[in-house]
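# Observations on chain architecture
Here is what each chain is made of, one letter per residue.
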Amino acid sequence: MEEHYTLFFNDIDQRDLPLVGGKGANLGEMTKAGFPVPYGFCVTTASYQEFLRANNLPAYIAETIKDVGLDTIKTIGSAIRERLRMAEIPQSVKEAVLQSLQKSGTQHYYAVRSSATAEDLAFASFAGQQDTYLNIKGEEEILDAVRNCWASLFTDRAILYRMQNGIDQEKVYMSVVIQKMIFPEVSGIMFTTDPVSGHRGLISIDAGYGLGEALVSGLVSPDIYTFNKASGQIQSKSIAEKKLAILPVLGGGTEKVAITGEKATRQVLDDTLIQDLAKLGKTIEQHFGCPQDIEWCLSPGPSADGSPTLSILQSRAITSLYPLPTPLPQDDALHVYVSLNHIQVMTDPISPLGIDMLRLMLPFDKGARSAEEYQRVKEAAGRVYIDISEILALKTPRKVFPLFFKNVDALAAEAMAELINRPGFTDRIKKDAKTAQAFQAFLKHIVFKAIQTLLFKKPESAVTFANEYIERWVGEAEKAIAQAKPGIERLETIMKTADFTKGFKDLMPKLLPAIASFKALENWEEKLLGSRNCTSVLVTGLEGNITTEMGLLIGDLADQVRCSPDLMDELAKADYGTLLTRIHNLPGHEAFKKSFHSFMARYDMRAAGEIDIAKDRWIENPEPLAKSILSIVHSAPEGIHRQEYQLTKEKALQAADDLVKEVERKHGKLKAGIMRRLIRIVRNYLPVREHPKYLIMKLILICKRAFLAEAKLLVEKGLLATEKDIFYVNFWELYQAIQNNSSLIGLVEQRKEEYRHYKKLSAPRLLTSDGEEPKASYQRENLPSGSLIGMPVSSGRIEGIAKVVTDPAEASVNKGEILVAPFTDPGWTPLFINASGLVMEVGGLLTHGTVVAREYGIPAVVGIADATKKIKTGQRIRVEGDAGYVLILEE
């Protein structure tokens, strides 16, 4: 086994990750590919395991770590590290390491770095979680550094990180990278994608003097250069004042050295070096097939002209980026995607089957028979994105769409307008004449019917029409599903049942007149009377809104429950799975039972996050409903809901009457008649706006029951572990599994891990095929008075109480406080658990604090000079992570 105790870089590739960890595998992969990686070798995980075995440590670690929690991390981690540092390295391992060191040259200095097997996984980057030792020379010194690296697998921050990412503490092993030390004049970090905007077409380079540790640990603010991949040109440069460098010391170790004079403000890299470095970054990215975070350095060259030597010290996948919507487009055009999750106000990830259920319902991609064939409805990190590129390619929709979208999501509309108005947008946007014609034909049909409705139809029948329409469709869907044979026939029937194209065509003409009339009323009232008071009132208290009626009926149920201690007891019991049965079996209370049964028959399919088929419906888990009823019982007087609704309706009708009379008095009967027609349309058609989604949810529940029936058969065959696991596979994977009688168990476990990761990501409202997350632009010159201006590095806005910390060992952050620090390094990680925002005095795009802030999804602004002096603990502040400033709100 000795040959497995060490491996040289040129013998390693990605397949060796279990032996050499993420860092080691990447270094070996790059060495084999011919990239300029300093020579070195890895002490493999076999060495680590032999070290543990020889010292009887596995049982000790397992027993010690099993009960680790937030309150015991420090004690447990310290105990394990001390035990490992005191243990003897087995002779067989020691000899293998020293033999490899002899081949490399014992006269050299080395960097000794940890490389864990869970490091740089698809969903977690362990950068900075374990220890690194620089400028180490000598056999005993190297062996000590190796043992210390093994021990650092159990630092507080490493244990915490594994806890947060659901990684088994006992199944992570440590390899150690021993790499020839480079003594650089300049070093830094390169993102092959802009880490703030996510733009895949940009490369961001941080550069500073000396070793890269100063940049990574956030001790200095680096120069930042942005390179455009498409043009091959430097797009922007931000030259920082470099006050500090970390340099190696002769004889071992490092020291901090002050930088003064002209050198402090000089551009670190000249333009030629920036371009050379960016081109190398592109090549590395292409090799690994995904955006990379690359550590690099420049050292004095051996050549006569003194040109510097460029070395790559590490490359890892960037795990904090929001993924591109898939399937990826097969062209070079710009695609624009809008989040259906934001439109539906449910930003949590959706199950794979839930995503495909929405795809089957939407009037796009109707020929698709596999996940790869979806062209309009995409998926990214469990969210649904609709490709609106071909709509925005058309002149009129391009002008109208952002205005319309303000009714859906104002921030998305603003970001969309900013994107559309960029120079060159219309040149790059995806165009397709056939799609444009199909879209126009689809829209033409709806608009034509909407105009007919607006001008000629009697609006008073709208709610009755919608209710009858839903009842008919639901009845037909239930019949079709019930008659379908299990297996492929049932799946094909689900596809037909879910297709909501006809529903959009039939119901949208009822909604558009209401929206148009509402806008017209607002404008006419303002134009004719100089106010908007009446319009805002007359659209309340609408009759027939199916969601409003649900609220009223819940209030009615509460009024019945409040009179009965027995009913209150049943609703309060924690065993909600049996609630419906318990109510059915309860003696007496026939009036409540009838009301409750009627309510559930109508609203059985409701749920929080209901657009995801996987979410429990009220019929499956009535806990939310029961608690809502009890909340009303305890917090509201009897009948108040009906009284308030009646009062609202009366005020609305009075406002409508006043508006017509005022217009007639001031502008005559003709305009008053038009107003009256608009009011009738709004009052009668606006309530129908909830009916389409109501119908969609009814269909989702019908299809869900059919899917669960299929799942039961799969579980019986051993192809699925539990029935609810069916939601973790997409429709076409399920289709193929049923067709081929193949297992889905392994795929489900992978999807569950993906879902846990996706839940941590903050989904953007708008995305482009470049990976950019367009946001509403802010004018820096219009910032509020007193703004502390810095660099935006993690998006979002947060207000909270500031906690100024200069030493993490002597401080804590309470839940919701905003961490204000001079800089942060991995030792600060526990403080991020409670922090709701981050402010730092120095830092760049890849300092520890900014990386963690992005991973935690908390707003962050860095580079604010003297922030720890200008901001005091206890002050209320606002952190603007998009605009890049901090505002002190209260002393």
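In case you missed it, the structure is sitting above this.
Presented here is a report on the structure given in the accompanying data block. In this text, all values refer to a predicted model and were calculated from it rather than measured experimentally. (Residues numbered from 1 in each chain as written. Predicted model: local features only at pLDDT ≥ 70, side-chain atom pairs only at ≥ 80, totals over all residues. Heavy atoms only, no water.)

### Examining the overall build of the protein
Along its length, the protein carries 33 helices and 25 strands. Computed over C-alpha atoms, the radius of gyration of the protein comes to 32 Å, within 12% of the 29 Å expected from 2.2 N^0.38 for 891 residues, which places it in the range of a compact globule. Principal-axis analysis of the C-alpha atoms gives the protein an extent of 95 × 65 × 60 Å. With 891 residues in all, the protein has 53% of them scored as buried. Put simply, of all contacts in the protein between residues at least 6 apart along the chain, 70% involve residues at least 24 apart. When the accessible area of the protein is evaluated, it comes to approximately 39,100 Å², of which 53% is carbon and sulfur surface. With 106 positive and 112 negative side-chain charges, the protein shows a separation of 7 Å between the mean positions of the two kinds. (Helix = DSSP H or I, 4+ residues; strand = E, 2+ residues; numbered from the N terminus. Rg over C-alpha atoms; globule rule 2.2 N^0.38 Å. Buried < 20%, exposed > 50% of the residue type's maximum accessible area, 1.4 Å probe, protein only. Contact = heavy atoms within 4.5 Å. Areas by Shrake-Rupley, 256 points an atom, 1.4 Å probe, with all protein chains shown as cover. Lys, Arg positive; Asp, Glu negative; His and termini not counted. Charge placed at Lys NZ, Arg CZ, Asp CG, Glu CD.)

### Examining the pairing of strand S20 (residues 797–804)
Examined bridge by bridge, S20 and strand S24 (residues 876–880) share five bridges and lie antiparallel to one another. Within S24, the residue paired with isoleucine 801 across the bridge is arginine 876. Pairing of S20 with strand S21 (residues 818–821) involves three bridges; the strand directions are parallel. Paired with valine 804 across the strands is valine 820, a residue of S21. (Pairing = 2+ DSSP bridges.)

### What to know about the pattern of salt bridges
Evaluated as defined, the whole model comprises 51 salt bridges. One salt bridge connects aspartate 13 with lysine 32, and the closest N-O pair in it is separated by 3.5 Å. Of this pair, aspartate 13 sits in the loop between strand S1 (6–8) and helix H1 (17–33) while lysine 32 sits in helix H1, and the two are 19 residues apart along the sequence. With a relative accessible area of 10%, aspartate 13 lands in the buried category. Looking at lysine 32, the relative accessible area reads 45%, which means it is partly exposed. (Salt bridge = Lys/Arg side-chain N within 4 Å of Asp/Glu carboxyl O.)

### A closer look at the packing of helix H20 (residues 501–529) against helix H28 (residues 669–685)
Orientation of H20 relative to H28, taken along the N-to-C sense of each, is 140°, at an axis distance of 8 Å. Our classification of the angle between H20 and H28 gives oblique. By crossing handedness, the relation of H20 to H28 is classed as left-handed. In this structure, H20 contributes Lys510, Leu511, Pro513, Ala514, Ser517, Phe518, Ala520, Leu521, Trp524, Glu525 and Leu528 to the contact, and H28 contributes Lys671, Ile674, Met675, Leu678, Ile679, Ile681, Val682 and Tyr685. Residue composition of the contact of H20 with H28, grouped by class: 15 nonpolar, one polar and three charged. (Axes fitted to C-alpha atoms, helices over the stretch in contact; angles between N-to-C directions. Parallel < 35°, antiparallel > 145°, perpendicular 65-115°, else oblique. Left-handed = near helix turned anticlockwise from the far one by under 90°. Nonpolar A, V, L, I, M, F, W, Y, C, P; charged D, E, K, R; others polar.)

### What about the packing of aromatic side chains?
Under the counting rule described, the total for this entry stands at 20 aromatic pairs. A ring pair is formed by tyrosine 469 and tryptophan 473, whose centres lie 5.8 Å apart and whose planes are at 70°; its orientation type is edge-to-face. Note that tyrosine 469 and tryptophan 473 are positioned in helix H18 (residues 462–483) at a spacing of four residues, about one turn of the helix. Accessibility assignment for this pair places tyrosine 469 and tryptophan 473 in one class, buried. Judged by centre distance (6.0 Å) and plane angle (80°), the rings of tyrosine 603 and tyrosine 694 are edge-to-face. Of this pair, tyrosine 603 sits in helix H25 (residues 590–603) while tyrosine 694 sits in helix H29 (residues 691–716), and the two are 91 residues apart along the sequence. Residue tyrosine 603 shares its accessibility class with tyrosine 694, and that shared class is buried. Among the aromatic residues, ring-to-ring pairing joins Phe465, Tyr469, Trp473, Phe500 and Phe504 into one connected group. Here the guanidinium or amino end of arginine 83 rests over the ring plane of tyrosine 60, the centre of that ring lying 4.2 Å away. In this structure, lysine 510 is placed above the aromatic ring of phenylalanine 465, and the distance from its NZ or CZ to the ring centre is 4.5 Å. (Phe/Tyr/Trp six-rings, centres within 6.5 Å; stacked < 30°, edge-to-face > 60°. Lys NZ or Arg CZ within 6 Å of the ring centre and 35° of its normal.)

### Focus on helix H2 (residues 45–54)
The buried fraction of H2 amounts to seven of the ten residues, a majority that puts the element mostly inside the structure. Along H2, the positions that sit buried rather than exposed are Thr45, Ala46, Ser47, Tyr48, Glu50, Phe51 and Leu52. Asparagine 56 sits one or two residues past H2 and shows a positive phi near 55°.

### Quick word on the state of the cysteines
All chains considered together, the criterion is met by zero disulfides. Its sulfur unpaired, cysteine 149 is 11 Å from the next cysteine sulfur, which belongs to cysteine 42. Lacking any disulfide linkage, cysteine 297 is separated from the closest cysteine sulfur, that of cysteine 42, by 18 Å. (Disulfide = S-S within 2.5 Å.)

### Side note on the side chain of lysine 242
Mapping lysine 242 onto the fold places it in the loop between strand S9 (233–238) and strand S10 (244–248). Side-chain polar atoms of lysine 242 contact the backbone oxygen of alanine 240, separated by 2.9 Å. Other than its neighbours up to four places away in sequence, lysine 242 contacts Tyr209, Ser221, Asp223, Ile259, Lys263, Ala264, Thr265, Arg266 and Val268. (Polar contact = N/O pair within 3.5 Å; in protein donor to acceptor, adjacent residues only side chain to side chain.)

### Thoughts on the nonpolar core
In this structure, Ile388, Phe599, Ile629, Phe707, Ile726, Phe731 and Leu734 are the most contacted members of the largest nonpolar core, which totals 97 residues. With 14 residues, H29 is the largest single contributor of residues to this core. Filtering out sequence-adjacent residues up to four positions away, phenylalanine 731 remains in contact with Leu353, Asp356, Leu360, Leu491, Ile494, Met495 and Phe707. (Core = buried A, V, L, I, M, F, W, Y, C linked by side-chain atoms within 4.5 Å.)

### Some points on H18
The first and last C-alpha atoms of H18 sit 32 Å apart over 22 residues, in line with the 32 Å expected at 1.5 Å per residue. Buried within H18 we find Ala462, Val463, Ala466, Tyr469, Ile470, Trp473, Val474, Ala477 and Ile481. Projection of H18 onto a plane perpendicular to its axis shows the buried side chains occupying an angular sector of 125°, all on one side. Within H18, the exposed residues directed more than 90 degrees away from the buried face are Glu471, Glu476, Lys479, Ala482 and Gln483. Residues of H18 that are buried sit in contact with helix H19 (488–498), H20, H28 and H29. (Expected span 1.5 Å × (residues − 1). Arc of directions from axis to C-beta.)

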